[in-house]
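# Chain and residue survey
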Amino acid sequence: NVTWSCTSSAGGGSDIFSRQIADIMKNEDLVNGQTIVISNETDGSGEVGRNKVATMKAGDADYTLLTFNSGDLMPMVQNTKNRSSNFRILAIMAVDKQLMFSCPASDAKTDYAKAGGDQNDFAAAIEAAKNGTFVVIGGSKGDDITTYQKLLAEVGLTEQQMGSITAALGGNVDFVISKLAAASQYVESGDLHAVLALSTERYTGNLADAPTLSEIGDYNNVEVPVWRGVAAPASMSDAAVAFWSDALGKVSASSTWHTDYLEKNQLIDEYKDTAAATEYVTAYEADFMAANGIN
């Protein structure tokens, strides 16, 4: 069997990404009939699973894959000694972006809600924060935090005015930052409402009503594109790296990938093979470390 490690919870964006690729590989007969088993390993915010893959010895390494995104890399280099060089970067498959959603469940529970703040108007939330009402934004890790910090810098607020926590739907937040793929099911169910496109342009479909930051005030648009990729243990053989990079390229070129994943989740097609992906991730990591003073 092929073991695919996903260091996020079942049902989230990374899990959907992993399972979609695995299904296409199986249906398109790209893995010689082998079974691909998705293993969700979330201990230590995913660091245990990533370290397990990074330190795997040769042998099983040729049959081990890891979902590896920018949101995995950022906390990894901040909190551990692992670096992208501890893995073989097999491919980048897509670029994701983010949205700000309102959380109806927070009604009358937060300071902003108690003050009668409009949860469908982020411009009103900015003004409320500037006038002394504490506004809470939820998110998860890595890229969500980076996007949050970039947003605060652009609108001129501090974390003491517009704070962040990692809860989402428990009624303790006014707004939540999320990637489209991870939040789509909650938008459809009505648990989240899209209020701000964290992008240089509006999204389409049922998210088209969410304005960009420049549309709600005299601000520049804010976005932190999130790349979604696949990695492997550093001990994976060159032959296996070539095999998997080629297989992932065939997945990227398939009509199913475009219709059932990219279009459905409003993602950008961004396939890079192992050589291009390694160069891209190495440069991204270096820039992130330099910006955050990490040696």
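Report follows, based on the coordinates.

## Concerning the overall build of the chain
A count of helices and strands for the chain gives 11 helices and 11 strands. Compactness check: the chain gives a C-alpha radius of gyration of 20 Å against a globular reference of 19 Å for 295 residues, within 12% of the reference. Considering only C-alpha atoms, the chain reaches an extent of 60 × 40 × 30 Å along its principal axes. Expressed as a percentage of its 295 residues, the buried residues of the chain come to 49%. The contacts in the chain between residues at least 6 apart in sequence include a share of 77% that link residues at least 24 apart. When the accessible surface of the chain is summed, it comes to about 12,900 Å², and 46% of that surface belongs to carbon and sulfur atoms. When the 20 positive and 38 negative side-chain charges of the chain are each reduced to one mean point, those points stand 6 Å apart.

## Let's talk about the pairing of strand β4 (residues 87-96)
Counting buried positions along β4 yields nine of 10 residues, so the element is predominantly enclosed. With eight bridges joining them, β4 and strand β10 (residues 226-233) adopt antiparallel strand pairing. Residue pairing for β10: Arg88 is matched across the bridge by Ala232. Bridge count for β4 against strand β11 (residues 268-272) is three bridges, and the pairing is antiparallel. Its bridge partner being in β11, Ile92 is matched across the sheet by Lys272.

## Brief notes about the sheet that holds strand β8 (residues 175-179)
Judged by pairing direction, the sheet is mixed, and its five strands sit side by side in the order β7-β6-β8-β5-β9 without closing on themselves. Every other strand in the sheet has two partners, leaving β7 (162-165) and β9 (193-198) as the edge strands with one partner each. Pairs of neighbouring strands in the sheet enclose a mean axial angle of 30°, with direction left out of account. The sheet contact formed by strand β5 (residues 98-102) and β8 spans five bridges and is antiparallel.

How each quantity is defined
- Residues numbered from 1 in each chain as written.
- Predicted model: local features only at pLDDT ≥ 70, side-chain atom pairs only at ≥ 80, totals over all residues.
- Heavy atoms only, no water.
- Helix = DSSP H or I, 4+ residues; strand = E, 2+ residues; numbered from the N terminus.
- Rg over C-alpha atoms; globule rule 2.2 N^0.38 Å.
- Buried < 20%, exposed > 50% of the residue type's maximum accessible area, 1.4 Å probe, protein only.
- Contact = heavy atoms within 4.5 Å.
- Areas by Shrake-Rupley, 256 points an atom, 1.4 Å probe, with all protein chains shown as cover.
- Lys, Arg positive; Asp, Glu negative; His and termini not counted.
- Charge placed at Lys NZ, Arg CZ, Asp CG, Glu CD.
- Pairing = 2+ DSSP bridges.
- Axes fitted to C-alpha atoms, helices over the stretch in contact; angles between N-to-C directions.

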